[in-house]
Amino acid sequence: MLNTIFIKKTAVAVLLGSLVATPIAAMDMPMGCFERNYTKAHLSGQPAQVVESIRVLFTEETFDDSTYLHARMQVLLANQGHVRAEGLGGETLDQFLICDAGNGKQAPACFVECDGGGMQISRNSGGKLEFRTDYLMVGDYDECGGATDLTEYQGKSVTYRLNQVNDARCDDLRH
């Protein structure tokens, strides 16, 4: 148990370190609904990929004169890669992330509470969103973290490219 906690804390420290050390151009925090559905042909060419489709809704809310940024993510897991071995292939999992808009030296980023990892926004322009992660747990259960990691290989960074879609596509992600 202690080894698991140490490994998770180490993974988050590595992720945070990579986010701080990466030079980026200033960009805005994404807002609205972004989506990507991968084709069977794409998935067959990427047998380690764990995501069949993904939607992310970025929103902000004001409470007591403070603005809070967050993202709600829903992922349909592909029946391949490590999620197949974990018995999660074909499952749809959700996650809630707390976001930071960045400051021109740091890119916007979102994080899962309780050492669940996070994602760094690497592109937000022209209706295209890219985010990179080395560790991002999905499956928003009662326990901290999640059910599985969206990376293909533990500790290896992966980039997801999504397209902005009509916000109504994410209505079911609003809670």
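Residues numbered from 1 in each chain as written. Predicted model: local features only at pLDDT ≥ 70, side-chain atom pairs only at ≥ 80, totals over all residues. Heavy atoms only, no water.

**Some remarks on the state of the cysteines**
What counts, and what does not: In plain terms, two cysteine sulfur atoms within 2.5 Å form what is called a disulfide here. By the criteria applied, helices consist of DSSP H or I runs no shorter than four residues and strands consist of E runs no shorter than two, each listed in order from the N terminus. For every residue, the accessible area (1.4 Å probe, protein chains only) is compared with the maximum for its type, and the residue is labelled buried under 20%, exposed over 50%, or partly exposed between those bounds.
Under the definition given, this model contains 2 disulfides. There is a disulfide in this structure between Cys33 and Cys170, and the S-S distance comes to 1.9 Å. One quick way to see it: the torsion about the S-S bond of Cys33 and Cys170 is about 60°, and its sign makes the bridge right-handed. Of this pair, Cys33 sits in strand β1 (residues 32–37) while Cys170 sits in the segment after β9 (158–165), and the two are 137 residues apart along the sequence. Across the pair, Cys170 and Cys33 agree in class, each one buried. Between the sulfur atoms of Cys99 and its disulfide partner Cys110 the distance amounts to 2.1 Å. Around the S-S axis, the bridge from Cys99 to Cys110 shows a dihedral of about 100° and counts as right-handed.

**Notes on the nonpolar core**
Put simply, the rule reads: To form a nonpolar core, buried Ala, Val, Leu, Ile, Met, Phe, Trp, Tyr and Cys residues must be joined to one another through side-chain atoms within 4.5 Å. Note on definitions: a residue-residue contact is assigned when non-hydrogen atoms from the two residues lie within 4.5 Å.
Counting residues in hydrophobic clusters, the biggest one holds 32 residues, and the most contacted among them are Ile54, Phe58, Met73, Met119, Phe131, Leu150 and Tyr160. Listing elements by their share of this core, those giving two or more residues are β2 (51–63), β3 (66–77), β4 (92–100), β6 (117–125), β7 (128–138) and β9. Looking at this core, the element that brings in the most residues is β3, giving 5 residues. With residues up to four places along the chain from it excluded, the contact list for Tyr160 reads Tyr38, Val50, Val51, Leu129, Glu130, Phe131 and Leu150.

**What to know about the environment of Glu35**
Applicable threshold: Pairs of N or O atoms within 3.5 Å make up the polar contacts considered here, provided that, within protein, one atom can donate a hydrogen while the other can accept it, and that residues adjacent in sequence are counted only when both atoms are side-chain atoms.
In this structure, Glu35 sits in strand β1. By relative accessible area, Glu35 is classed as buried at 10%. With 134 residues separating them in the primary sequence, Glu35 and Arg169 have C-alpha atoms 8.6 Å apart. Those residues in contact with Glu35 that lie beyond four places of it in its chain are Ile54, Arg55, Leu162, Asn163, Val165 and Arg169. A polar atom in the side chain of Glu35 sits 2.3 Å from the side chain of Arg169.

**Brief notes about the side chain of Gln80**
Considering the arrangement of structural elements, one finds Gln80 in the loop between β3 and α3 (81–85). A distance of 2.7 Å separates a polar atom in the side chain of Gln80 from the backbone oxygen of Gln46. Dropping the residues within four chain positions of it, Gln80 is found in contact with Leu43, Gln46, Pro47, Ala48, Gln49 and Val50.

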